[in-house]
Amino acid sequence: MDTSQLLPGQTVEIRLTGPVNPGSPVAVTANRVRLRMTQFTANVKAGSVAPPNFSVDTLSALFTRAGISSIHVQTWSNTDFEGVSGVTALAEGNTVSLRGLLFNNGALPPELIAKKVRKR
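Residues numbered from 1 in each chain as written. Predicted model: local features only at pLDDT ≥ 70, side-chain atom pairs only at ≥ 80, totals over all residues. Heavy atoms only, no water.

Undergrad: Tell me about the overall build of the protein, and please be specific about residues and values.
TA: From N to C terminus, the protein includes one helix and eight strands. When its helices and strands are written in sequence order, the protein yields β-β-β-β-α-β-β-β-β. Structurally, the protein occupies a C-alpha span of about 50 × 30 × 25 Å along its principal axes. Counting all 120 residues of the protein, 32% fall into the buried class. Of all intrachain contacts in the protein linking residues separated by at least 6 positions in sequence, the fraction that spans at least 24 positions is 52%. About 7,100 Å² of surface is accessible on the protein, with carbon and sulfur atoms providing 50% of the total. Charge separation in the protein, taken as the distance between the mean sites of 12 positive and 7 negative side-chain charges, equals 7 Å. (Helix = DSSP H or I, 4+ residues; strand = E, 2+ residues; numbered from the N terminus. Buried < 20%, exposed > 50% of the residue type's maximum accessible area, 1.4 Å probe, protein only. Contact = heavy atoms within 4.5 Å. Areas by Shrake-Rupley, 256 points an atom, 1.4 Å probe, with all protein chains shown as cover. Lys, Arg positive; Asp, Glu negative; His and termini not counted. Charge placed at Lys NZ, Arg CZ, Asp CG, Glu CD.)

Okay, structure coming up:
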C-alpha cells in the first residue's frame, strides 16, 4: 500500500527522514508509514448485522466530512467483545466503541478488522 490509500480516521506512525516543512498541509519526507489501531464510536447500522460482520453509521465529522457515511466491521475469533456476547447480540442503533485496523476499500465503505468491540 502507498499513502494514496490512506483515509481520514486512520491512525498511522511515520518515520521521518528529513525536517518537517510547515505549511498547509504540512509536508514531510518519510521512509515508513505504518498503520496502527484506530479507535472510534458509532452506531450499529440498521439491517447490517450478518454474523460475523456488521456495519456502523452515525460517524463523527472526521469521517462524514470526507464523505464516509458507514464503515463495515469484520470480527473474527480473536475479537474481544465487551458488554455484549458477540455480533448476534448487537441490535440496530446500539452504540459501540471499536478498535482495529481500518482499511480503504475502494468504492465500498472502509473496512475495520475489529480487535475490540465494546457496547456502550
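Undergrad: Run through a nonpolar patch on the surface, naming residues and quoting values.
TA: A contiguous nonpolar surface patch, about 520 Å² in accessible area, is contributed by V12, I14, L16, V20, V26, V28 and V33. Looking at the secondary structure, you find V26 in the loop between β1 (11–16) and β2 (30–36). (Patch = residues over 30% accessible without salt bridge, like charges linked within 9 Å, V, L, I, M, F, W, Y side chains within 5 Å. Salt bridge = Lys/Arg side-chain N within 4 Å of Asp/Glu carboxyl O.)

Undergrad: I'd like a description of the pattern of salt bridges, backed by residues and values.
TA: For the structure shown, the criterion picks out three salt bridges. Residue R36 pairs with E13 through a salt bridge whose shortest N-O separation is 3.0 Å. Of this pair, R36 sits in strand β2 while E13 sits in strand β1, placing them 23 residues apart in sequence. A residue is classified by how much of its surface remains accessible, and R36, at 37% relative accessible area, is partly exposed. Take E13: its relative accessible area is 35%, and that puts it in the partly exposed class. One salt bridge in this structure joins E82 and R118, with 3.0 Å as the shortest N-O distance. Residue E82 is found in strand β6 (residues 80–82), and its partner R118 is found in strand β8 (residues 111–119); the two are separated by 36 residues along the sequence. Taking relative accessible area as the criterion, R118 reaches 28% and is therefore assigned partly exposed. Salt bridges sharing partners connect three or more residues here, namely E82, K116 and R118.

Undergrad: Give a description of the environment of L6 that names residues and reports values.
TA: Tracing the chain through its elements places L6 in the segment before β1. For L6 and I71, which are 65 residues apart along the polypeptide, the C-alpha to C-alpha distance reads 15 Å.

Undergrad: Which residues make up the packing of aromatic side chains, and what values do they have?
TA: Throughout the structure, instances matching the rule amount to one aromatic pair. Centre to centre, the rings of F40 and F63 are 5.2 Å apart; their planes meet at 65°, and the pair counts as edge-to-face. Of the two residues, F40 sits in strand β3 (residues 38–44) while F63 sits in helix α1 (residues 61–64), which places them 23 residues apart along the sequence. Both residues of the pair, F40 and F63, belong to the buried class. (Phe/Tyr/Trp six-rings, centres within 6.5 Å; stacked < 30°, edge-to-face > 60°.)

Such coordinate-based values are descriptive only and should not be taken to indicate function.
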